[in-house]
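A structural walkthrough
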Amino acid sequence: QLGYAADPLLDQIQALRLAGDYPAAIERVEAELATEPDNSLLLNQLGELQLETGQLQAASARFRQALESGEPDRLMAKLNLAEIHRLQGEWQDAEILWRDLRQAYQTEASLSARDLFAIASATRHLGRSDPQLFKDAVRLFDQASSKDPAYLDAGIALGELLLEKYNNQEATALFGELLAINDKHPRALLGLARSQHFDYSSQAVTTTLQSLSINPNLVPARVFLAQLFIELEQYGDARHEAELALEVNPVSLEALTMLGVINHLERNAAQFEAIERQVLALNPGYAEFYATLAGLAAQNRLYRDAEKFARRAVQLDPQSWRGYGLLGMNQLRLGQIEAGRTSLERSFAGDPYNVWIKNTLQLADTFDSYVQTDQGKFSVVLQGRDNALLGEYVHDLATRAYQRMMLRYRHQPDEPIRVELYPDHADFSVRSVGLAGVGLLGVCFGPVVAMDSPAARTRGEFNWGSTLWHELAHVFHLSMTDNRVPRWFS
């Protein structure tokens, strides 16, 4: 169902869209428009199909035509036209249309499920400037679903919003409910895959492939699968998925971004720069290109690259709250503590739903109780009581490990090494991944090592010296390879 009264023709078009047969769907719509040239529902359908296949100018013309034709699908035409502006980086033009849609909630006498979806989507976009509006968007998506329970687009968009705002528990449940209605809806399956990925489940790959078995031309699913392969360091498979996505939509910013990430990780500088130019020609303000690069670079331990890309993201878009968050987290990983805290505070002010940023800022508030001692190649950071008990031993062991590894690897890291020990495992866990509960003893970010101190563990179950030696070995491995040693090898 498309959010309005049942119509066999529109249901047939929707079935073709869900199966990814976009040429057949376009042909079917165009045939009907030959006899009904001002049908706003059909004009929007054609424009949306053209949008999915990268025909932005043609899509824009159809949406304007639908908007001028009036009821019954005028509000969706306005949302679709705003999406064209957003994709081209024309934020002011998009925001005018989004605000018009917000106003329609007060002025329109009767609103269909599709109308409510349009208003909810506009509200969601406006939330980047006013995060309280995300609560309104949740309520409006709920209203759209209540108006027509068969209109699954509203539920899918709500699940995506919940996931975007780190409420994966409710998102998972919602995608499950949607799949109980239609277990072969490709976008609902993709939503579930993203939810599984949020929880670090390997099922995400299987569920994404299930989505693509139903709609092999679903560009967001191809892009997501490319991301999953990048995280697994399977760059050839990732490139294949991104290229398949671009065969469907040659101007997909998300697919081009994946190609950019792959070329950067494979050190194909010329190809990376060509993709970068192509993306910025399509959308000069597309900060997500750099934010995605930053996120995936960090997952591949390229923390300096991640910091550089995140800084570029916030330069392009001062409202890139994700960019500020990535900038701050990577500044902390590189030992830039005060700069990192400032970046995280700016991120959290714009997006107060990010639990990783919130936890890390709360941890940073405790740093005043830590003592930093600089000696030789090391800066050792310990909480006051631990410093009195352990400080001398940590410096001594770290120095011996450094000298041994310098001979073994015939290499010296070119910068001081910061070693942080946390007397509370939850604090170390937050320092590592932003969440409590991680099952690690230590972590290495290159020039920065963080780990549990003996106080964080039951006596007898933890050898802090062994953990420190292990993490310092990683300092050498990362330094020797410019942080490019494969995870499986190290």
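Residues numbered from 1 in each chain as written. Predicted model: local features only at pLDDT ≥ 70, side-chain atom pairs only at ≥ 80, totals over all residues. Heavy atoms only, no water.

1. Focus: the environment of D424
How we decide: Only DSSP runs of H or I covering at least 4 residues are called helices, and only runs of E covering at least 2 are called strands; the numbering of each starts at the N terminus. In this scheme, a residue with accessible area under 20% of its type's maximum is buried, one over 50% is exposed, and one in between is partly exposed, where area comes from a 1.4 Å probe on protein chains only. Nitrogen and oxygen atoms within 3.5 Å of one another constitute a polar contact, given that in protein one can donate a hydrogen and the other can accept it, and given that sequence-neighbouring residues count only through two side-chain atoms.
For D424, the position within the fold is in the loop between β3 (417–422) and α23 (425–433). A relative accessible area of 37% places D424 in the partly exposed class. Taking the C-alpha atoms as reference points, D424 and M451, separated by 27 residues in sequence, lie 9.9 Å from one another. One polar contact links the side chain of D424 to the main-chain amide nitrogen of A426, over a distance of 2.8 Å.

2. A word on the packing of helix α13 (residues 219–231) against helix α15 (residues 253–265)
Rules: Whenever a helix is involved, its axis is fitted only over the stretch in contact; in every case the axis is a line through C-alpha atoms, and angles between N-to-C directions fall within 0 to 180 degrees. The scheme is simple: roughly parallel for angles under 35 degrees, roughly antiparallel for over 145, roughly perpendicular for 65 to 115, oblique for anything else. Crossing handedness: left-handed means the near helix sits turned counterclockwise from the far one by under a right angle, and right-handed means the same turn made clockwise. Residues count as neighbours in contact if any of their non-hydrogen atoms are within 4.5 Å of one another. Residue type decides the class: Asp, Glu, Lys and Arg count as charged, Ala, Val, Leu, Ile, Met, Phe, Trp, Tyr, Cys and Pro as nonpolar, and the leftover types, Gly among them, as polar.
In the contact formed by α13 and α15, the axes pass within 9 Å of each other and the chain directions differ by 15°. By the angle between their directions, the pair α13 and α15 is classed as roughly parallel. When the axes of α13 and α15 are compared, the crossing they make is left-handed. Across from V223, A226, Q227 and I230 in α13, the residues of α15 making contact are E254, A255, M258, V261, I262 and L265. Each residue belonging to the contact of α13 with α15 can be placed in one class, and the counts come to 8 nonpolar, 1 polar and 1 charged.

3. Topic: the nonpolar core
Rules: Throughout, nonpolar core names a set of buried Ala, Val, Leu, Ile, Met, Phe, Trp, Tyr and Cys residues whose side chains join them through atoms within 4.5 Å.
Core analysis: the biggest nonpolar cluster contains 134 residues, and F117, F141, I230 and F289 have the highest contact counts within it. Leaving out residues up to four positions away in the same chain, F289 has contacts with L256, T257, G260, F272, I275, E276 and V279. Core analysis: the next-biggest nonpolar cluster, separate from the first, contains 25 residues, L397, C444, V449 and W464 among them.

4. A few points about the pairing of strand β1 (residues 370–375)
Here is the rule we go by: Two strands are said to pair when DSSP picks up at least two bridges between them.
As paired strands, β1 and strand β2 (residues 378–383) are joined by 6 bridges and run antiparallel to one another. Across the sheet, the residue bridging to D374 is S379, located in β2. From the end of β1 to the start of β2, which pair antiparallel, there are 2 residues, and G376 there has a positive phi angle of about 65°.

5. Describing the sheet that holds β3
On the basis of which strands lie adjacent, the open sheet formed by 5 strands has the order β1-β2-β3-β5-β4 and mixed pairing. Strands with a single pairing partner mark the edges of an open sheet, and in this sheet they are β1 and β4 (442–444). Adjacent strand axes in the sheet meet at a mean angle of 15°, parallel and antiparallel pairs treated alike. Across 3 bridges, the pairing between β4 and strand β5 (residues 448–452) is antiparallel. By the bridge assignment, G442 is partnered in β5 with M451.

6. Brief notes about the environment of A82
Relative to the elements of secondary structure, A82 occurs in helix α5 (residues 74–87). Residues A82 and E68, spaced 14 residues apart in sequence, show a C-alpha to C-alpha distance of 15 Å. Beyond its immediate chain neighbours, meaning those up to four positions away, A82 contacts A94, L97 and W98.

7. Regarding the pairing of β5
Counting buried positions along β5 gives 5 out of 5 residues, so the element sits mostly inside the fold. Examined bridge by bridge, β3 and β5 share 5 bridges and lie parallel to one another. Considered in β5, the bridge of Y422 is made with D452. Here β4 hands over to β5 after 3 residues, with G446 in that stretch at a positive phi of 110°.

8. Examining helix α2 (residues 22–33)
Put simply, the rule is: One less than the number of residues in a helix, times 1.5 Å, gives the span that helix is expected to have. Working definition: the arc comes from the directions between the helix axis and the C-beta atoms, pointing outward to the latter.
Between its first and last C-alpha atoms α2 spans 16 Å; for 12 residues at 1.5 Å apiece the expected length is 16 Å, and the two agree. Of all the positions in α2, only Y22, A25, I26, V29 and L33 are classed as buried. End-on, the buried residues of α2 take up no more than an arc of 100°, which puts them together on one face. Turned more than 90 degrees away from the buried face of α2, the exposed residues are P23 and E27. Between a side-chain oxygen at the N-terminus of α2 and the backbone nitrogen of A24 the separation is 3.4 Å; the capping residue is D21.

These results come straight from atomic positions and should not be treated as a statement about function.
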